[in-house]
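# Per-entry structural report
Here are the chains, one letter per residue:
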Amino acid sequence: MSTPDTWTAVDRYLVDTLVDEDATLALARESADDTTAGHIEVAPNQGAFLALLAQMIGARRILEFGTLAGYSTIWLARATGVDGHVDTLELEEQNAEIARANFKRAGVFDRVDVHVAPAAQTAAELIERSVEPYDLVFIDADKPNNPVYLAAAMELTHPGSVIVIDNVVRNGSVVDAGSEDPSAQGTRAVLAAAAADPRLSATALQTVGSKGWDGFALLLRVG
Ligand code: DHB
Ligand code: MG
C-alpha cells in the first residue's frame, strides 16, 4: 500500500538519483523556515521540472506569482541563462528579504526582480507599463486570487507562452463544488477559466510526493 511516507521515500530516491540541487538551492529551501508561510516551496524534483520546462521552451522572461524564499525562482532564473529575467511577486517584505539573500548566494540576483506588494497590484502595473511579454508564468501565490492571476497572465504573455498553476488538487479538495474553502474555489474558478478560454490548451496532473497529494495545471497559449 502506498502512503505519504512511501511517496516521500520515492521523492527522496528520485531527487538523490536525478536532481542536482546544489548547496545554495538547499540553503534556499531550508531558509523557508524563516518565511511567513513556512515550507510550502516546490519539492526539488518539481523545481527541476519547472527549470526543464523553461529550458524546453527557451524561456527568457519569466513571471512568478508567489516568491516566498525564492526556491522555485532560483530554479527558473538559472534556466533562463545569463540573459534571462524573472519578475517574482511577493506580498511580504520579510520573505522578499530572505529571497534576495538567496538570489545573491545562487548567483541570480542580477536577473531577478522581487516586487513587494499584493501580486494582483504588481501584475496590473506590469500590464499598465506594457512590459515585454513573458514566455513562462508560474502561478503559486494565494489560491483564492488564482483567477485574477490567470487573467493578468493572459495580458502579459504571447501565443506560445506556457503557464503553470501549482496546487490544483490539494488533497482532493478541488472536486468539492460546494467547498467553503476559498482556495478550493479559487482553483476551481481558474481551471474553469482556462477551459473556457479558446486561447489556452490545458491539462492538469495529480502528483504525490514529499508535498503530499497535490497537482499542477499546465497551460499553453495557442492564441
Ligand atoms: C500551500 C501553498 C502552496 O503554494 C503549496 O505549494 C503548498 C501549500 C498552502 O498555502 O497551504
Ligand atoms: Mg505551491
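The sections below set out a description of the structure shown in this document. In this convention, every chain numbers its residues from 1, walking through the sequence in written order. Chains carry letters from A onward and ligands carry numbers from 1 onward, assigned in written order. Given that the model is predicted, a residue must reach a pLDDT of at least 70 before its local features are reported, and side-chain atom pairs must reach 80 or more before they are shown or counted; all residues, however, enter totals for whole chains, interfaces and linings. Calculation of side-chain values draws on the structure's entire complement of heavy atoms; hydrogens and water are dropped beforehand.

Next up on the list: the side chain of Asp214. A run of DSSP states H or I qualifies as a helix once it reaches four residues; a run of E qualifies as a strand once it reaches two. Both are numbered from the N-terminal end. Summarising the element assignment, Asp214 is placed in strand β7 (residues 212-221). As a buried residue without a salt bridge, Asp214 has its nearest oppositely charged side chain in Arg170, at a separation of 5.4 Å. From its side chain, Asp214 meets the backbone nitrogen of Val168 in a polar contact 3.4 Å long. Only heavy atoms matter for contacts: two residues are in contact if any of them lie within 4.5 Å across the pair. Among all residues touching Asp214, those that are not within four sequence positions of it are Asn167, Val168, Val169, Arg170, Leu205, Gln206 and Thr207. Think of it in three bands: with a 1.4 Å probe and only protein chains considered, a residue is buried below 20% of the maximum accessible area for its type, exposed above 50%, and partly exposed in between. Under this rule, positive means Lys or Arg and negative means Asp or Glu; His and the chain ends count for nothing. Salt bridge, as applied in this entry: a Lys or Arg side-chain nitrogen positioned within 4 Å of an Asp or Glu carboxyl oxygen. Any pair of nitrogen or oxygen atoms within 3.5 Å is treated as a polar contact; in protein, a donor-acceptor pairing is required on top of that, and neighbouring residues in sequence qualify only through side-chain atoms on both sides.

This part takes up the site of ligand 1. Here a residue counts as near a molecule or strand whenever at least one of its heavy atoms sits within 4 Å of it. Residues in close proximity to ligand 1 include Ile40, Asp140, Lys143, Asp166, Asn167, Arg170 and Lys211, which together make up its full environment. The contact in question runs from an oxygen atom of ligand 1 to an N or O atom on the side chain of Asp166, over 3.2 Å. Here Asn167 contributes a side-chain N or O atom positioned 2.6 Å from an oxygen atom of ligand 1. Residue exposure ignores everything except the shown protein chains as possible cover, and the areas themselves are Shrake-Rupley values with a 1.4 Å probe. Contact with the protein chains hides 71% of the accessible area of ligand 1, taken as 290 Å² for the molecule alone. A 1.4 Å probe that fits but cannot get out identifies a cavity on a 1 Å grid over protein atoms alone, an open set with protein on both sides within 12 Å along at least five of seven lines counts as a pocket, and a residue lines either if it has an atom within 4 Å of a point. In this scheme, a molecule is assigned to a cavity or pocket if more than half of its atoms are within 2 Å of the grid points. Of the pockets mapped on this structure, ligand 1 occupies the largest pocket. In this count, Pro and Cys sit with the nonpolar residues alongside Ala, Val, Leu, Ile, Met, Phe, Trp and Tyr, while Asp, Glu, Lys and Arg are called charged and the others, Gly among them, polar. Residues that form the shell around ligand 1 fall into these classes: one nonpolar, one polar and five charged.

Before going further, it helps to examine the coordination of the magnesium ion (ligand 2). Working reference: metal with six octahedral donors, ideal angles 90 or 180 degrees; metal with four tetrahedral donors, ideal angle 109.5 degrees. Coordination shells were defined by N, O and S atoms within 2.8 Å of each metal, extended to 3.2 Å for Na, K and Ca; water is absent from the atom set, which can make sites look incomplete. Protein-derived ligands of the magnesium ion (ligand 2) are Asp140 (OD), Asp166 (OD) and Asn167 (OD1), with the metal-ligand distances lying across 2.0 to 2.1 Å. Mapped onto the polypeptide sequence, the residues donating to the magnesium ion (ligand 2) form the spacing pattern D-x25-D-N. Here Asp140 is found in the loop between β4 (134-139) and α7 (146-155), whereas its partner Asp166 is found in strand β5 (residues 157-166), with 26 residues between them in sequence. In this structure Asp166 comes out as buried when scored by relative accessible area, which is 8%.

The subject of this paragraph is a nonpolar patch on the surface. Each patch groups residues whose relative accessible area exceeds 30% and which form no salt bridge, using 9 Å between like charges and 5 Å between nonpolar side chains of Val, Leu, Ile, Met, Phe, Trp and Tyr. A grouping of Val10, Tyr13, Leu14 and Leu18 is seen on the molecular surface, where their side chains present a nonpolar patch of about 410 Å² in accessible area. As for its position among the elements, Val10 is in helix α1 (residues 4-18).

With respect to burial, helix α4 (residues 71-80) is a largely interior element, nine of its 10 residues being buried. Residues of α4 that are buried include every one of Tyr71, Ser72, Thr73, Ile74, Trp75, Leu76, Ala77, Ala79 and Thr80, and no others. A positive phi of about 80° marks Gly81, the residue just after α4.

Bringing the sheet that holds strand β1 (residues 61-65) into the picture now. Strands are treated as partners if at least two bridges between them are detected by DSSP. Strand order across the open sheet formed by seven strands is β3-β2-β1-β4-β5-β7-β6, with mixed pairing between neighbours. The sheet is open, and its two edges are formed by β3 (112-116) and β6 (200-209), each paired on a single side. Here the strands of the sheet are splayed against their neighbours by 15° on average, with no regard to which way each runs. Of the pairings in the sheet, the one linking strand β2 (residues 85-90) to β3 comprises five bridges and is parallel in character. Bridge assignment links Glu90 to a residue of β3, and that residue is Val116. Note on geometry: axes are C-alpha line fits, over the in-contact stretch for helices, and angles between N-to-C directions span 0 to 180 degrees. The sheet contacts of α1 involve β6 and β7, and relative to β6 the element is tilted by about 105°.

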